[in-house]
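Structural overview
In case you want the letters, here they are:
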Amino acid sequence: MTAALDPNVRHHADKQIAQHMQRMHAALFDTYDLKDVVRYIEEKTYLAGAKFSFKDHEFQEDILSDTSRDVNVQKCAQVGLTEAMARYGVSTCRIMPYFSVIMTMPFAGDATQFAKTRLDPFINESPDLREAMDCNLDNSEIKAIGTSLLYLRG
């Protein structure tokens, strides 16, 4: 059996070609991918009129940059991870075409409150995110950001 016919070799080659094409597309269209979500958050989102920064919360960068299928985080209260995850959800929708994120809360009222008090303020503060929002699908249950969707459920 030759290497060209070996399914494992073919799969590896196909994967490399696909990754190469993704990198070319990103470079050509100046886009981001999941590895770049931290960069997008720092470049395109704001807090109190200034670009968002992970200063003094650098551990969040490692969590948000992890592209593993499952990421488990155990946290104590008030370390800013809710804010970071909110920005992650919105930002991945912005930088990944045709992507979906589902954010779940214990109750429907929690999801509504989260959308209004945590998501909407930083979306409205970011020119890039504001421009990407579809006003026909922008409420406390679903947000269309570019070609992607963010769902909020309780």
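In what follows, the structure referred to is the one given above.
To keep things clear, this report deals only with the structure shown in the data block.

1. Some remarks on the overall build of the chain
In terms of regular secondary structure, the chain is built from 6 helices and 6 strands. Out of the 154 residues in the chain, the part that is buried amounts to 31%. Counting only contacts in the chain whose residues sit at least 6 apart along the sequence, the fraction spanning at least 24 positions is 57%. For the chain, the accessible area works out to roughly 10,200 Å², and carbon and sulfur atoms hold 54% of it.

2. Here we look at the side chain of S126
With respect to the helices, strands and loops of the structure, S126 is situated in the loop between α5 (108–125) and α6 (127–132). A relative accessible area of 0% means that S126 is categorised as buried. In terms of polar contacts, S126 uses its side chain to reach the backbone carbonyl oxygen of K44, at 2.6 Å. Among all residues touching S126, those that are not within four sequence positions of it are K44, T45 and Y46.

3. A few points about the nonpolar core
Counting residues in hydrophobic clusters, the biggest one holds 31 residues, and the most contacted among them are V90, L119, I145 and L150. Secondary-structure elements contributing two or more residues to this core are α2 (37–44), α3 (59–65), α4 (81–95), β3 (100–104), α5, α6 and β6 (148–153).

4. Structural notes on the pairing of β6
Along β6, the buried face is formed by S148, L150 and L152; none of L149, Y151 and R153, which line the opposite face, is buried. Of the strand pairs in this sheet, β3 and β6 are connected by 5 bridges, and their pairing is parallel. The partner of S100 across the bridge, within β6, is L149. Across 4 bridges, the pairing between strand β5 (residues 142–145) and β6 is antiparallel. Directly across from I142, in β6, lies its bridge partner Y151.

Parameters at a glance
- Residues numbered from 1 in each chain as written.
- Predicted model: local features only at pLDDT ≥ 70, side-chain atom pairs only at ≥ 80, totals over all residues.
- Heavy atoms only, no water.
- Helix = DSSP H or I, 4+ residues; strand = E, 2+ residues; numbered from the N terminus.
- Buried < 20%, exposed > 50% of the residue type's maximum accessible area, 1.4 Å probe, protein only.
- Contact = heavy atoms within 4.5 Å.
- Areas by Shrake-Rupley, 256 points an atom, 1.4 Å probe, with all protein chains shown as cover.
- Polar contact = N/O pair within 3.5 Å; in protein donor to acceptor, adjacent residues only side chain to side chain.
- Core = buried A, V, L, I, M, F, W, Y, C linked by side-chain atoms within 4.5 Å.
- Pairing = 2+ DSSP bridges.

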